[in-house]
Number of protein chains: 2
Amino acid sequence: MTATEEHSRGRPGTLAFPGDGRPLLSDLRRIWTAGDDDPLRRIAAYALLPAGKLLRPLLVLESAKSVGGSPDDLGELALAVEYLHVATLIHDDIIDEDDIRRGRPAVHAAFGTPDAIVTGDGLLLQAFAALTRVSPAGVTDTALRSAVAVLADAGIDLCRGQLREAELTGDLHCSTEQYLTMARLKTGVLFEASCRIGAILGGGPPAWVDALGTFGVHLGVAFQIRDDLLGFDDNAELVGKPNESDVANRRPTLPMLLAYQSAGADDRDLLERAFRGELSGVRAFPEVRRIVEETGARAAAEWHAADLIDRAKRALAPLPGNGAVLTAIADYARERGH
Amino acid sequence: MTATEEHSRGRPGTLAFPGDGRPLLSDLRRIWTAGDDDPLRRIAAYALLPAGKLLRPLLVLESAKSVGGSPDDLGELALAVEYLHVATLIHDDIIDEDDIRRGRPAVHAAFGTPDAIVTGDGLLLQAFAALTRVSPAGVTDTALRSAVAVLADAGIDLCRGQLREAELTGDLHCSTEQYLTMARLKTGVLFEASCRIGAILGGGPPAWVDALGTFGVHLGVAFQIRDDLLGFDDNAELVGKPNESDVANRRPTLPMLLAYQSAGADDRDLLERAFRGELSGVRAFPEVRRIVEETGARAAAEWHAADLIDRAKRALAPLPGNGAVLTAIADYARERGH
């Protein structure tokens, strides 16, 4: 069994990434499958396992390696970014009333909204506990303190992105720029933070930390766009949510916005009605999809994602070996999406 | 105007504590009243101002002073514990469906549940940003890292206490011990963490950090009991919530549990029916109150709180000057409650 197969095992349809995710997965399982009656740990374990793609902690590890640092036991610290990510997913699902996540009941659907709110909080806090609980050799307290600051600021930006998204909900007049700001806050900053944290914990100089941050933010926004596009694929089971979800939740995705900008009056009207929920879900989605195709919005969104991935890769130039594994991760993202 | 009056101004009925809360209040106002369009900051400012009693950050500052440390600019770091506290209040109010907090609409009542969830998350994260954003002279990165770990672990315990409370909801058979465990997790640990963080940032040796931790946890549980008792006072506007709230939410408070343990069969039946929501709110509360009085449960709960405050004060013995201001805070708590 290859690293990739092991990494994706137990979650059909989950794609894995270049780089070695096995240590992360085994750390995650070791930490969260201990027989434990504590309800907070039990619900958190449900949210964390089976694992997602663990891309964010993988970026921490690979960023540390790319600056020449590879402290032992970094995996447990790297998982901090996964805890924060999963915490926001739990709360997002409550807010969006998405009852399915990764093909099974979302935390609030399985355990009720009150426990889901508390478990999300617990995982946010767990992120900071994970960053400060173990002391990998060669990682200074100054580096750990910086990592905490980077993660906290990224989390705050993520919350800002959430509110921004809520404001833009149902707003087809929102500009591409507004969308990109929201995508940066909602997705880009945590990718950026993951790369920065890895570089900091790996002992990289500030210029490399910044280079990896630039890589991360572009990669993150590209991922958000590819996530938007997955909603227009036939294989929506890959993301474990119904592909009508974005439209039903009136989320302004890039393909929708670009389609609206290019569509004729009749199609604009259709898009608006779909977004206002005036078309039944059954009818709305095929219509939206047709318009996204016919206006070339899907191709344009794909171009945007590809361009961001190019920019991400170029940012790696100053690193030793040009960050070969990170480049491979970016290429993989371009080819396969999630 | 005395420090105490200034500290409590703008919130009728709010009592202030010994020690100087003015720098904290002015830091809080400076940080959160900047003209700012960011919705996350705007909603967070609504939750934070006018300020509560700021007791937790006051404990940070006074604990730092009690070990002989008094770094400049500690106020901004001390506010971290207030951010975490207020974050949990925002989420608690959603969970308990308490629409009133401190005499005005709770955050979710004013801004909607989705934004309240996100703002609570933002304030949790803000706690860790606050601990790592400024560098007070004399505070080492090692101390800051420890403070982050203490705060994260306390927050996790707080979440565990939340779930524990939910499990015990409506359960009058819950033992005094179960209640005390829940109160320790829900309230004691953050008081403990506040004192520990102050001692750590003030550069105190481990024995003093532990002593202050012991002080904090006892004080915190005493506070929780006094909070329970406030629900049975006439002046419930002090806590800014209807005094029927605990009964309506079927929260197992210490006076209720002790009353149930001592009551005769008829009164037990009444307590159970009140707790199951089978009596109207109008009738339930006076009945519960009568039984709490007649069984001596109110006096017993008061004794418990006073005993904890004595234990808290005794824990201060190893400190220079026996932690005079902290002793005064504990005495104040005994006399006045919240």
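That block above? That's the structure.
A brief report on the enclosed structure follows. Numbers given to residues run from 1 along each chain, matching the order in which its sequence is written. Going through the entries in the order they are written, you letter the chains from A and number the ligands from 1. Whole-chain, interface and lining totals are the exception, using all residues; otherwise, since this is a predicted model, local features are given only for residues with pLDDT of at least 70 and side-chain atom pairs are given and counted only at 80 or more. Side-chain descriptors were evaluated using all non-hydrogen atoms of the structure, hydrogens and water having been removed beforehand.

**Structural notes on the overall build of chain A**
For helices the rule is a DSSP run of H or I covering at least 4 residues; for strands it is a run of E covering at least 2, with both sets numbered from the N terminus onward. A count of helices and strands for chain A gives 16 helices and 2 strands. The rule is simple: take the accessible area with a 1.4 Å probe, protein chains only, and divide by the maximum for that residue type; under 20% is buried, over 50% is exposed, in between is partly exposed. Within the span of chain A, comprising 338 residues, buried residues form 59% of the whole. In this analysis, two residues are considered to be in contact whenever any of their non-hydrogen atoms come within 4.5 Å of each other. For chain A, long-range pairs separated by at least 24 residues make up 75% of all intrachain contacts whose partners lie at least 6 apart in sequence. Total accessible area on chain A stands at roughly 12600 Å², and carbon and sulfur atoms take up 49% of it. Reported accessibility uses the Shrake-Rupley method at a 1.4 Å probe radius. Residues are deemed covered only where the shown protein chains occlude them.

**A closer look at the packing of helix α7 (residues 113–133) of chain A against helix α8 (residues 141–168) of chain B**
Interhelical geometry of α7 of chain A versus α8 of chain B gives an angle of 160 degrees and a closest axis separation of 8 Å. Relative to α8 of chain B, the element α7 of chain A is oriented roughly antiparallel. When you trace α7 of chain A past α8 of chain B, the crossing you get is left-handed. For the pair α7 of chain A and α8 of chain B, the contacting residues are Asp115, Val118, Asp121, Gly122, Leu125, Gln126, Phe128, Ala129, Thr132 and Arg133 of chain A in the first and Arg145, Val148, Ala149, Ala152, Asp153, Gly155, Ile156, Cys159, Gln162 and Leu163 of chain B in the second. For the contact of α7 of chain A with α8 of chain B, the residue count by class is 10 nonpolar, 5 polar and 5 charged. A fitted line through C-alpha atoms represents every axis, and for helices the fit uses only the stretch in contact; the resulting angles, taken between N-to-C directions, go from 0 to 180 degrees. Small angles under 35 degrees read as roughly parallel and large ones over 145 as roughly antiparallel, with 65 to 115 read as roughly perpendicular and the rest as oblique. The hand of a helix crossing depends on one turn: near helix anticlockwise from the far one by less than a right angle means left-handed, and clockwise means right-handed. Under the convention adopted here, Pro, Cys and the residues Ala, Val, Leu, Ile, Met, Phe, Trp and Tyr are nonpolar, Asp, Glu, Lys and Arg are charged, and Gly plus all remaining residues are polar.

**Some points on the interface of chain B and chain A**
At the junction of the two partners, chain B supplies 38 residues and chain A supplies 38 residues. In this description, buried area is defined as the sum, over both parts, of the accessible area (probe of 1.4 Å) that is lost when the two are combined. Interface area, chain B with chain A, both sides summed: about 3500 Å², of which 71% is carbon and sulfur. We define a salt bridge as a contact between a side-chain nitrogen of Lys or Arg and a carboxyl oxygen of Asp or Glu at a distance within 4 Å. For the interface between chain B and chain A, the tally reads 6 salt bridges. A salt bridge links Arg160 of chain A to Asp38 of chain B, with the nearest nitrogen and oxygen atoms 3.0 Å apart. Here a polar contact is recorded for every N or O atom pair within 3.5 Å, except that within protein the pair must consist of a potential hydrogen donor and a potential acceptor, and residues adjacent in sequence are included only if both atoms are side-chain atoms. Joining chain B to chain A, the criterion identifies 14 residue pairs in polar contact (both at pLDDT 80 or more).

**Structural notes on the pattern of salt bridges**
All names here are of chain A. If you walk through the whole model with that rule in mind, you get 46 salt bridges over all chains. Between Lys186 and Asp92 there is a salt bridge, and its shortest N-O distance comes to 3.6 Å. Taken together, the residues span a long stretch of sequence, with Lys186 in helix α9 (residues 176–201) and Asp92 in helix α5 (residues 74–96) at a distance of 94 residues. One exposure class covers both Lys186 and Asp92, and it is buried.

**Re the relation of the copies chain B and chain A**
For this overlay, a least-squares fit was computed on C-alpha atoms, restricted to residues scoring pLDDT of at least 70 in both copies. Mapping chain B onto chain A leaves a residual RMSD of 0.0 Å; the transformation is a rotation of 180 degrees accompanied by 0.0 Å of translation along its axis. Considering both components of the superposition, the chain copies are consistent with a two-fold axis. Looking at chain B, 100% of its interface residues are interface residues in chain A too, so the copies touch through the same face.

**Structural notes on the side chain of Thr119 of chain A**
All names here are of chain A. Its location among the elements puts Thr119 in helix α7. Assessed through its relative accessible area of 0%, Thr119 is described here as buried. Dropping the residues within four chain positions of it, Thr119 is found in contact with Leu40, Ile43, Ala44 and Ile90.

**Quick look at the packing of aromatic side chains**
Between 30 and 60 degrees the pair is tilted, below 30 it is stacked and above 60 it is edge-to-face, where a pair is any two Phe, Tyr or Trp rings, Trp via its six-membered ring, whose centres lie within 6.5 Å. In this structure the tally under the stated criterion is 7 aromatic pairs over all chains. When the ring of Trp32 of chain B is compared with that of Tyr83 of chain B, the centres are 5.7 Å apart and the planes differ by 75 degrees; the resulting orientation is edge-to-face. Here Trp32 of chain B is found in helix α2 (residues 22–32), whereas its partner Tyr83 of chain B is found in helix α5 (residues 74–96), with 51 residues between them in sequence. Of the two residues examined, Trp32 of chain B and Tyr83 of chain B, each falls in the buried class. For the ring pair Phe191 of chain B and Phe223 of chain B, a centre distance of 5.3 Å and an interplane angle of 40 degrees mean the geometry is tilted. Here Phe223 of chain B lies in helix α10 (residues 206–230) and Phe191 of chain B lies in helix α9 (residues 176–201), a separation of 32 residues in the sequence. Exposure remark for Phe191 of chain B: the relative accessible area of 1% places this residue in the buried category. The ring of Tyr46 of chain A carries Arg104 of chain A above its face, with NZ or CZ at 4.0 Å from the centroid. Working rule: Lys NZ or Arg CZ, within 6 Å of ring centre, within 35 degrees of ring normal, means a charge sits over the ring.

That is the geometry; function is a separate question.
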